[in-house]
Amino acid sequence: MGIVPTDHPIRVANIIEEGKLGGPQVRIAMVASSLKGKVETTVIMPSQNSELFRERCDELGVSYKAIFMTRITKEWRTMLGYILFFPFEVLRLVKLIHSGRYDIVHVSGGSWQYKGAIAGKLTGCKVIWHLNDTQMPAMFRIIYTKLSFLADAYLYSSERTKKYYKSFSKKNRPDFIILPPVDTIFFHPEYRLTLDEELESQWVGKLVVGTIANINPIKGIETFIKMASHYCKKSEDVVFVVVGPVYERQRKYYEKLVLLARDMRVSLSFIGGRTDTRSILKRFDIYVCSSISESGPMTLFEAMAMGKAIVSTNVGDVSVLINHNHNGFIVDAGDHVAMAEYVHVLAENKVLAKMFGSRSREVAIKRLDVSICAEKHFKAYKAVAGIY
């Protein structure tokens, strides 16, 4: 497209092949909304499984196009459809990009988002490839390595993500590190938020230790359950809670977790997904992130904004934001014993827990607020589009 004139907003097509509402989808909507007036963003997403994502875009006034788009999966029928429809879906994306006269194609969702990168390059648009994880299966790594030349720039969601992908990506491309955002005004601990009566009655007088995550293996819920079992050897006056939807393709994994909790005699509640988690976060006494491998756990950042005491595995750039024994505790991934010990420390010292929570909110405001993330996106867009 060449140099973008400075008298009109940058036009961005943000393409993601996964419609399910999660961290990347929330980030897309928040940043697009925050950049109105500077950047005209159109989100291109699958029509399948994207109802909540579309609702979020509607709430924030973000433009989008929902089209039929298959996704990569281990299920062979779906994978076959992905392969068969791939060229037709790329051509449709090419037409959408041409008709929208976009300056930049922002490929969101990770290294396996090939269609947007190919379509963007075919149209002559500048392509930014947004990478947001720290591991991928060997097959996807090989494909990404072959296709990484399609990007004009890379956007990494953490230092650890950049370190992981640097050897697979083209060396002569500019790159940017932008941590996932949190709306620190929306997630504010001083808001009056009412928990629903059923949960309130179950949790009254109890220490509540919880985590928020889509139910899938990467979130390390097994570690959370084992932590709860170990902790209960010291105290029983506690409620352990997992908040998050169970999608059909993770049903067997969820059932495995339920059996594990039962076998370990852990009183643990899976309470499903919530569109607004603030009242639950406000009630949590301690927030635990048990992820095995993750770049930027947004629910952890939301817990920080809500002033919660944190115990987290050392994933992504958590260790940059959580200073061990200053505003939280960090353990190695899978170390349920250390996790339980630190939860016990915070449970026994409410003054320390409150101080940690207050410090975490300060970090969230200074480093993670959506205004900061949006401005970094704007600078990246300008640099790639040739506006300085």
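Residues numbered from 1 in each chain as written. Predicted model: local features only at pLDDT ≥ 70, side-chain atom pairs only at ≥ 80, totals over all residues. Heavy atoms only, no water.

## Considering the pairing of strand 4 (residues 104-107)
How we decide: Relative accessibility decides the category of a residue: with a 1.4 Å probe and only protein chains considered, values under 20% of the type maximum give buried, values over 50% give exposed, and everything between is partly exposed. Numbering of helices and strands runs from the N terminus; a helix is a DSSP stretch of H or I covering at least four residues, while a strand is a stretch of E covering at least two. By the convention used here, strands pair only if DSSP detects at least 2 bridges between them.
Neither face of strand 4 is left uncovered, since the one carrying Ile-104 and His-106 and the one carrying Val-105 and Val-107 both have all their residues buried. Looking at chain direction, strand 1 (residues 10-15) and strand 4 are connected through four bridges and run parallel. Note on strand 4: the bridge partner recorded for Asn-14 is His-106. Pairing geometry for strand 4 and strand 5 (residues 126-131), over four bridges, is parallel. Residue Val-105 lies in a different strand from strand 5, and its bridge partner there is Val-127.

## Things to note about the packing of aromatic side chains
Aromatic ring pairs are reported here in terms of the distance separating the ring centres and the angle at which the planes meet. Let me state the cut-off plainly: Stacked, tilted and edge-to-face are the three classes assigned to paired rings of Phe, Tyr and Trp, where Trp is represented by its six-membered ring and a pair needs centres within 6.5 Å; plane angles under 30 degrees give stacked, over 60 edge-to-face, the rest tilted. Charge over a ring is defined by NZ of Lys or CZ of Arg lying within 6 Å of the ring centre and within 35 degrees of the ring normal.
Counted according to the given criterion, the structure contains 16 aromatic pairs. Plain terms: the ring middles of Phe-329 and Tyr-342 are 4.3 Å apart, the flat faces sit at 15 degrees to each other, and that makes the pair stacked. In this pair, Phe-329 is assigned in strand 13 (residues 329-331) and Tyr-342 in helix 13 (residues 336-348), connecting sequence segments 13 residues apart. Over the aromatic face of Phe-186 sits the side chain of Arg-278, whose NZ or CZ is 3.7 Å from the ring centroid.

## Observations regarding the sheet that holds strand 13
Note the cut-off: All axes here are fitted lines through C-alpha atoms, helices being fitted over the stretch that makes contact, and every angle between N-to-C directions spans 0 to 180 degrees. Residue contacts are counted whenever heavy atoms from the two residues lie within 4.5 Å of one another.
Strand order in this open sheet of six strands is 10-9-8-11-12-13, and the pairing throughout is parallel. Single-partner strands in this sheet number two, and they are strand 10 (268-270) and strand 13. Within this sheet the neighbouring strands show an average axis-to-axis angle of 20 degrees, counted without direction. Bridging between strand 12 (residues 309-313) and strand 13 involves three bridges; their strand directions are parallel. Bridging across to strand 13, Val-311 finds its partner in Phe-329. Here helix 14 (residues 350-368) sits on the sheet in contact with strand 12 and strand 13, set at roughly 75 degrees to strand 12.

## Points about the nonpolar core
Condition: Nine residue types can take part in a nonpolar core, namely buried Ala, Val, Leu, Ile, Met, Phe, Trp, Tyr and Cys, and a core is a set of them joined through side-chain atoms within 4.5 Å.
In terms of nonpolar packing, the biggest core is built from 34 residues, with Ile-44, Tyr-114, Trp-129 and Tyr-144 touching the most fellow members. For this core, the elements supplying multiple residues, two or more each, are strand 1, helix 3 (76-100), strand 4, helix 4 (114-123), strand 5, helix 5 (138-147) and strand 6 (153-156). Looking at this core, the element that brings in the most residues is helix 3, giving eight residues. In contact with Ile-44, not counting residues within four places along its chain, are Ala-13, Asn-14, Ile-15, Ile-16, Lys-65, Ile-67, Met-69, Leu-93 and Leu-96. Core analysis: the second largest hydrophobic core is formed by 33 residues, Leu-257, Leu-268, Ala-340 and Val-343 among them.

## A closer look at the packing of helix 8 (residues 221-231) against helix 9 (residues 251-263)
Basically, it comes down to this: Each angle gets one of four labels, with under 35 degrees taken as roughly parallel, over 145 as roughly antiparallel, 65 to 115 as roughly perpendicular, and the rest as oblique.
Between helix 8 and helix 9, the shortest axis-to-axis distance is 10 Å and the interhelical angle comes to 10 degrees. In terms of orientation, helix 8 and helix 9 fall into the roughly parallel class. Residues Ile-221, Glu-222 and Ile-225 of helix 8 touch helix 9, and the partners they reach there are Tyr-253, Lys-256, Leu-257, Leu-260 and Ala-261.

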